[in-house]
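Now for the letters of each chain:
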Amino acid sequence: MMTDKTNSKESQIWGGRFSQGPAAIMEEINASIDIDRRLWREDIAGSRAHSDMLSAAGIISSADNQAIQNGLDEIAGEIERDEFTFSKALEDIHMNIEARLKEIIGEPAGRLHTARSRNDQVATDFRIWVREACEQAEASLKLLMASLAKKARDNADAVMPGFTHLQTAQPVTFGHHLLAYVEMFSRDAARFSDARARMNECPLGAAALAGTSFPIDRDATAAALGFERPCANSLDAVSARDFALEALSAATIAATHLSRLAEEMVLWTSPHFDFVRLSDSFSTGSSIMPQKRNPDAAELVRAKAGRIIASLTNLAVVMKGLPLAYSKDMQEDKAATFEGFDALALALAAMAGMIGDLTPNRAAMKAAAGRSYATATDLADWLVRALNMPFREAHHVTGAVVAVAEKSGLDLEALDLKEMQKIEPRITDDVFSVLSVDASAASRTSYGGAAPANVKRQANRWIAALSKET
Ligand code: ARG
């Protein structure tokens, strides 16, 4: 690209001091309109509130305010109807809208920027956007939770193997497993709501960095834009981006949960597990191997986590070295944040779709739970209860029983009582009451445990709580 090419249109923006426009490469690196045009609604809302306040405070005339409001109306219509021409030479959304306002209403447009700077303007627009993104993420998480809780209720008694180290550990139920994710997503939703509450202070009126000498009413603009209060320090108001970092942190944590669930979907839909089937609408075929049903949506949710985590890292690295107050580096905050939240919205929607769509294969899950001696702990617990054996010794005896079962290729349930008695003569017939996977799962009645009765209760509690909110 040529670096000595100038753009004479640009010099008009800065007025007196600049006699020449910027080099083409300068315009290229400086312009953010392709990214921040998404903020047009927030920008117009901010300008409306500011103009109303200026007029109420007697800083501009009410006729000028009226002209500004009408002009902004017209611009909103143009953008909505896709008739607005966004210009790179005008850098960003703020200048694009202000320039168009001037074309439409003339002189009063120049009064809108009184007691305001693009620094507090962008900080305000962006906060409103991130606040809304947090609300949407919270709402989508709750829809996903409701979908999981319903599947959990319907599968409260579907026994499946629980794993540690991805080795069969003890029987649990599919419902219990799904409710584990409901707990995680509920904390994610709470993190978005906490972040929203903390960010809800209005930067508008901080002006460039120091505040203004005009008698503005920051409480009025804060209230008009739905903020709890104005930011108390003008330097902080224009410099802070921790609200976006916090929102992206919440998104990052939610993404790790989504990705873990996605990974489980990939495993469960594999023919080697065969725990879950996704319908054709959430599976893809292979162009060469006709037998395949690939869980692409789950894989992409897993991959989207990469983007979301990257967006947090991106913004944290942009911010970490910046002295107060505004630096142009901060313009990059939006690309990172938009990308992270776009990926999150997609991942949440795709996961909710998959959860609603999936059909568990109860028979396969139960059979898998029965393999690999998943009820060995139940045998050890029986020895403790029935024979008053210390648990460590019971663990040892059970290990010997498992070794015998393994050698003869039998499940614990199928093992002859005599074989067990060779190891521990006091074992009676009663031991078989604890060796089935159903009995094992049903016995986990401690609070938070996997017993179907617990799962049903917890699932219903979530369904009721979530239906109240949505
Ligand atoms: N487009 C800019 C941004 O997003 C707006 C603020 C510009 N402020 C300035 N002092 N150059 O950060």
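For the structure, see preceding data.
Given the structure is predicted, the values throughout are model-derived calculations rather than measurements.

A word on the environment of lysine 334. Residue position: lysine 334 is located in helix 13 (residues 333-357). Classification of lysine 334 as buried rests on a relative accessible area of 4%. Setting aside chain neighbours within four positions, we find lysine 334 in contact with Ile35, Asp36, Leu39, Val122 and Phe126.

For the rest of this paragraph, the subject is the nonpolar core. Soluble globular proteins: nonpolar side chains tend toward being buried together. Counting residues in hydrophobic clusters, the biggest one holds 98 residues, and the most contacted among them are Phe192, Phe341 and Leu344. With 14 residues, helix 11 (residues 242-269) is the largest single contributor of residues to this core. Once residues lying within four places of it in the same chain are set aside, the contact partners of phenylalanine 341 are Trp129, Ala133, Ala137, Phe192, Ala247, Leu248 and Ala251. Counting 21 residues, the second-largest nonpolar core is a separate cluster that includes Leu383, Val401, Leu417 and Val434.

Let us now look at the pairing of strand 1 (residues 159-164). Examined bridge by bridge, strand 1 and strand 2 (residues 167-173) share six bridges and lie antiparallel to one another. Bridge pairing in strand 2 links methionine 160 to valine 172. In this structure, the hairpin formed by strand 1 and strand 2 is closed by a connection of two residues, where histidine 165 is found at a positive phi of approximately 55 degrees.

Counted by the stated rule, this structure contains two cavities of 30 Å³ or more. The computed volume of the largest cavity comes to approximately 60 Å³. Together, Ala369, Gly370, Tyr373, Ala374, Thr375, Asp411, Leu412, Glu413, Leu435 and Val437 line the largest cavity. Its residues assigned to classes, the lining of the largest cavity comprises six nonpolar, two polar and two charged.

Our focus in this paragraph is the packing of aromatic side chains. Evaluation of the coordinates by the stated rule reveals 10 aromatic pairs. One aromatic cluster is present, built from ring pairs that chain together Phe126, Trp129, Phe192, Phe243, Phe338 and Phe341. The cationic tip of lysine 334 hangs over the ring face of phenylalanine 126; the distance from NZ or CZ to the ring centre is 5.5 Å. Above the plane of the ring of tryptophan 462 lies arginine 461, whose end atom (NZ or CZ) is 4.8 Å from the centre.

Here we take up helix 14 (residues 362-370). Of all the residues in helix 14, the buried ones are Ala364, Met365, Ala368 and Ala369. Taken end-on, helix 14 shows its buried residues confined to a sector of 135 degrees, consistent with a single buried face. Contacts made by the buried residues of helix 14 are with strand 1, strand 2, helix 8 (174-199), strand 6 (359-360) and helix 18 (437-443). Just beyond helix 14, the residue with positive phi is serine 372, at close to 65 degrees.

Next up on the list: unusual backbone geometry. Of all residues except glycine, most have a negative phi; of all peptide bonds, most are trans. Here the residue pair leucine 324 and alanine 325 is connected by a cis peptide bond, since its omega of 5 degrees sits within 30 degrees of zero. Phi at glutamate 91 takes a positive value of approximately 65 degrees, unusual for a residue other than glycine. Its location among the elements puts glutamate 91 in the loop between helix 5 (62-80) and helix 6 (93-105). Classification of glutamate 91 by relative accessible area gives buried; the value is 2%. Positive phi is not limited to glycine here, since serine 372 has a value of about 65 degrees. Position of serine 372 relative to the elements: it lies in the loop between helix 14 and helix 15 (376-387). Taking the relative accessible area as the measure of exposure, serine 372 reaches 44% and is therefore partly exposed.

Reading the values: the criteria
- Residues numbered from 1 in each chain as written.
- Predicted model: local features only at pLDDT ≥ 70, side-chain atom pairs only at ≥ 80, totals over all residues.
- Heavy atoms only, no water.
- Helix = DSSP H or I, 4+ residues; strand = E, 2+ residues; numbered from the N terminus.
- Buried < 20%, exposed > 50% of the residue type's maximum accessible area, 1.4 Å probe, protein only.
- Contact = heavy atoms within 4.5 Å.
- Core = buried A, V, L, I, M, F, W, Y, C linked by side-chain atoms within 4.5 Å.
- Pairing = 2+ DSSP bridges.
- 1 Å grid on protein atoms, 1.4 Å probe; cavity = no way out; pocket = protein on both sides within 12 Å on 5 of 7 lines; lining within 4 Å.
- Points joined across faces, edges and corners; volume = space filled by probe spheres on them.
- Nonpolar A, V, L, I, M, F, W, Y, C, P; charged D, E, K, R; others polar.
- Phe/Tyr/Trp six-rings, centres within 6.5 Å; stacked < 30°, edge-to-face > 60°.
- Lys NZ or Arg CZ within 6 Å of the ring centre and 35° of its normal.
- Arc of directions from axis to C-beta.

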